[in-house]
Amino acid sequence: MSAIKGSSFRSWKDISDRHYQNIADNYTLYLLPDYIIIEPIVHGAKEFLIIDRTHEDIQIQNTLPNIDGATRKSIDGIIGIINLLAGRYLIVITSKKHIGDINGQAIYKVHTTDIIPFVRNMSHLNEYQLKYNAKYLSMIELVLRTEAFYFSYTYDITHTFQRLQTLSPDFHSIPFLERADERFVWNRYLLSQFTNNRIISQFVLPIIHGFVALSTLSINGHSFSYGVISRRSTYRAGTRLFIRGIDNDGRVANFVETEQILQLDDIVCSYVQTRGSVPCYWVQLPDLRYKPKIALLSSKNHMEAFRQHFEEQEYYYGKQFLISLTNQHGAEGRLNAKYRELYETSENSYLKFEDFDFHKECAGMRYDRLTILLARLIADQDDYKYFALTQDGTSQIQQTGVFRTNCVDCLDRTNVVQTLLAKRILEQQLQHYNIIKYNETIDSYKQLSHTFKNIWADNADTISLQYAGTGALKTDYTRTGQRSTMGLFQDGYNSLMRYVLNNFFDGFRQDGIDIFLGNHQISSNEGRTRESCPISKEISKKYLALPVTMIISFSMCIINLLIPASTFHEQVTHTLFWSLATMSAIALTIFWRHELVDVPKLYSKMMDDLCRALVYIRDHINEHCPNADPNQIFLSGHSSDAHLISLLILDKSHLHRHEFSFINNTWCYSYK
């Protein structure tokens with residue numbers, strides 16, 4: 001067997017081309033003092049996008065305006081428009097990377113971008129607004145630098161192959177932006193100003209966030225194409241510890257749809273799996289502990305959200321087999337028990353449930369024991385099947401259900417199990433279509449095995465990077481089929497980096513995601529004073545001295561242990577002193593841990609509602625309880641708002657904006 005150079009699917013598509021649309025794949029952007037003009041680089045272009053930088057209007061003209069003196073820039077597409085303190089900014093793709101083809105339709109990865117302000121200068125901003133606008137801009141830049149955004153000019157990458165082939169013909173005549181699966185369009189909010197005009201919408205592209213890899217291979221004289229597409233949901237999107245569980249609309253954290261595509265000479269096959277957070281209300285806010293406490297929000301209506309979630313999942317995917325890989329003891333065990341309780345109480349015939357204590361069953365690197373789990377799943381996997389379409393457009397096989405896999409993060413353990421399920425289906429397809437023999441497996445062919453394992457390991461790393469900030473754990477098993485000592489060391493490094501990122505950097509990243517997706521919309525009134533902007537609060541430098549002191553003290557303690565002093569008494573004295581200093585620094589760091597964690601600042605609407613409620617209580621409590629002290633309010637976390645209360649205590653800037661200054665005299669408890 002050999003791999004064919006390049007990574008494109010051969011051209012094989014519907015003869016009428018009804019499934020494909022053509023959007024220009026290159027443009028010239030003209031930057032003028034009053035206008036931004038975008039010209040498609042196509043023969044006989046008659047429509048030009050004109051953006052008025054002063055009035056912020058967007059319109060189409062049939063003739064190219066005067067462009068004398070314009071700064072010219074070649075761009076590959078428009079991501080959208082974002083509103084910051086300085087005004088609107090146009091985000092464009094300045095370079096792209098060709099990943100491969102699906103049915104002869106090119107798929108690209110966003111490589112570099114540019115953010116162009118409508119305004120020509122920042123003279124209308126005060127010193128605070130200049131500072132905060134730059135910070136907002138850096139948040140957007142951080143999101144755009146995160147791996148990885150993908151798009152196509154001709155193929156609707158937001159939908160699975162089965163959905164594209166089974167929808168009505170009228171669906172395919174609708175512009176991409178209107179027909180795209182909004183769950184996965186990461187620039188949906190940024191393109192909101194382009195949706196009112198179908199002609200304007202032809203200039204813009206829906207972009208997904210996730211992973212795409214495409215490869216072409218040859219076995220036993222048969223060439224075929226293989227690929228994986230993962231689509232990360234925009235709903236309840238965010239970072240690992242700040243976004244957990246489910247919301248009131250039944251949307252879960254870290255929901256990802258993963259599609260495996262196999263294309264042969266006259267058949268194309270698709271197989272879909274999903275992952276998503278445990279579908280109940282729970283939180284795990286960072287607090288400097290390596291494993292923060294998992295807390296179930298007991299007064300929430302878990303069943304209502306659970307039902308909403310699976311009603312939507314059944315609409316898109318059919319039957320659901322729920323695989324829970326969490327520990328079955330401790331905090332994870334209580335979470336898993338709640339999941340099982342919801343499943344059993346729902347009495348939903350479309351659902352099946354299997355819990356498998358991954359860490360217990362595979363302890364000691366016994367990953368061969370995953371065959372125990374696989375044996376419990378194969379009958380249902382065969383029943384759900386996969387999607388297969390012949391070259392003449394006949395649907396040969398339909399996929400009728402999916403496996404929904406989760407662990408706590410829906411990353412490392414989930415990746416391993418999803419890879420095993422994908423491997424078994426791919427082997428079935430290759431055997432069924434006579435590419436390999438029935439007594440052969442993927443591992444019988446070195447290049448095929450290498451390609452399959454590395455694509456799935458790269459998928460694991462990319463999805464993990466987007467949610468947790470680092471590559472995935474356990475990918476040595478995915479890449480090689482066995483655990484290794486080097487893999488354990490790599491897992492240790494990634495775990496350490498996750499700890500640092502999740503505690504000290506993810507608040508900033510979460511805010512960037514919320515702005516990018518439109519969960520927080522920036523007001524022009526922000527920043528008129530120092531504390532009128534939600535991102536004005538920063539970690540005080542005095543608290544940063546605590547971890548620095550702890551590191552220095554611990555280092556001095558080690559040095560005194562290793563380097564002898566002139567007398568034993570002197571060495572013991574110095575060692576005890578630095579040990580005491582280390583323990584004191586650790587104790588103070590733990591005490592002030594909430595001041596050190598980088599928390600999101602932009603839960604503005606929910607936070608403001610809670611703050612207004614507290615202000616009302618403070619101002620009117622004596623009308624109802626004459627003896628009550630308005631400067632002493634007890635916030636009980638035995639409430640559906642326990643998560644918000646925790647964030648409110650972590651970040652006091654929301655209260656300061658409402659002139660609510662007595663928070664230091666307020667107690668807050670969060671019960672599970």
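Structural data are supplied above this passage.
Everything quoted here is computed from the prediction, not taken from an experiment. (Residues numbered from 1 in each chain as written. Predicted model: local features only at pLDDT ≥ 70, side-chain atom pairs only at ≥ 80, totals over all residues. Heavy atoms only, no water.)

S.K.: I'd like a description of the sheet that holds strand β5 (residues 58–61), backed by residues and values.
M.R.: Here we have 5 strands laid out as an open sheet, ordered β5-β4-β3-β2-β6, and antiparallel in their pairing. Pairing within the sheet leaves two strands with one partner each, and these edge strands are β5 and β6 (71–75). Direction aside, the axes of adjacent strands within the sheet are offset by 25 degrees on average. Two elements, strand β3 (residues 35–40) and strand β4 (residues 48–52), share 4 bridges in a ladder whose sense is antiparallel. Bridge pairing links Ile37 to Ile50 in β4. (Pairing = 2+ DSSP bridges. Helix = DSSP H or I, 4+ residues; strand = E, 2+ residues; numbered from the N terminus. Axes fitted to C-alpha atoms, helices over the stretch in contact; angles between N-to-C directions.)

S.K.: How would you summarise unusual backbone geometry if you had to cite specific residues and measurements?
M.R.: Here the residue pair Glu147 and Ala148 is connected by a cis peptide bond, since its omega of -5 degrees sits within 30 degrees of zero. Mapped onto the elements, Ala148 comes out in the loop between α1 (127–145) and β10 (149–151). Positive phi, normally seen in glycine, also occurs at Asn103, with a value near 55 degrees. Inspection of the secondary structure assignment puts Asn103 in the loop between β8 (87–102) and β9 (105–117). Take Asn103: its relative accessible area is 2%, and that puts it in the buried class. (Buried < 20%, exposed > 50% of the residue type's maximum accessible area, 1.4 Å probe, protein only.)

S.K.: I'd like a description of the side chain of Glu427, backed by residues and values.
M.R.: Following the sequence through the fold, Glu427 ends up in helix α9 (residues 412–432). Lys423 provides the closest opposite charge to the buried, unpaired Glu427, separated from it by 4.6 Å. What Glu427 contacts, discounting residues up to four positions off in sequence, is Ile436, Thr441 and Ile442. (Lys, Arg positive; Asp, Glu negative; His and termini not counted. Salt bridge = Lys/Arg side-chain N within 4 Å of Asp/Glu carboxyl O. Contact = heavy atoms within 4.5 Å.)

S.K.: Provide a residue-level description of the packing of aromatic side chains, including the pertinent values.
M.R.: Where two aromatic rings form a pair, the distance of their centres and the angle of their planes describe that pair. Inspection of the entire model under this criterion finds 20 aromatic pairs. Here Phe452 and Trp456 contribute two aromatic rings whose centre-to-centre distance is 6.4 Å and whose plane-to-plane angle is 45 degrees, an arrangement assigned as tilted. Taken as a pair, Phe452 and Trp456 lie in helix α10 (residues 446–468) at a separation of 4 residues, close to a single helical turn. Each of the two residues, Phe452 as well as Trp456, counts as buried. An aromatic cluster is present here, built from Phe306, Phe310, Tyr339, Tyr343 and Phe353 joined pairwise through their rings. Its guanidinium or amino end placed over the ring of Tyr316, Arg183 lies 3.5 Å from that ring's centre, counting from NZ or CZ. Note that Arg251 overlies the ring of Tyr235, its terminal NZ or CZ placed 3.9 Å from the centroid. (Phe/Tyr/Trp six-rings, centres within 6.5 Å; stacked < 30°, edge-to-face > 60°. Lys NZ or Arg CZ within 6 Å of the ring centre and 35° of its normal.)

Any functional reading would require information beyond the geometric quantities listed.
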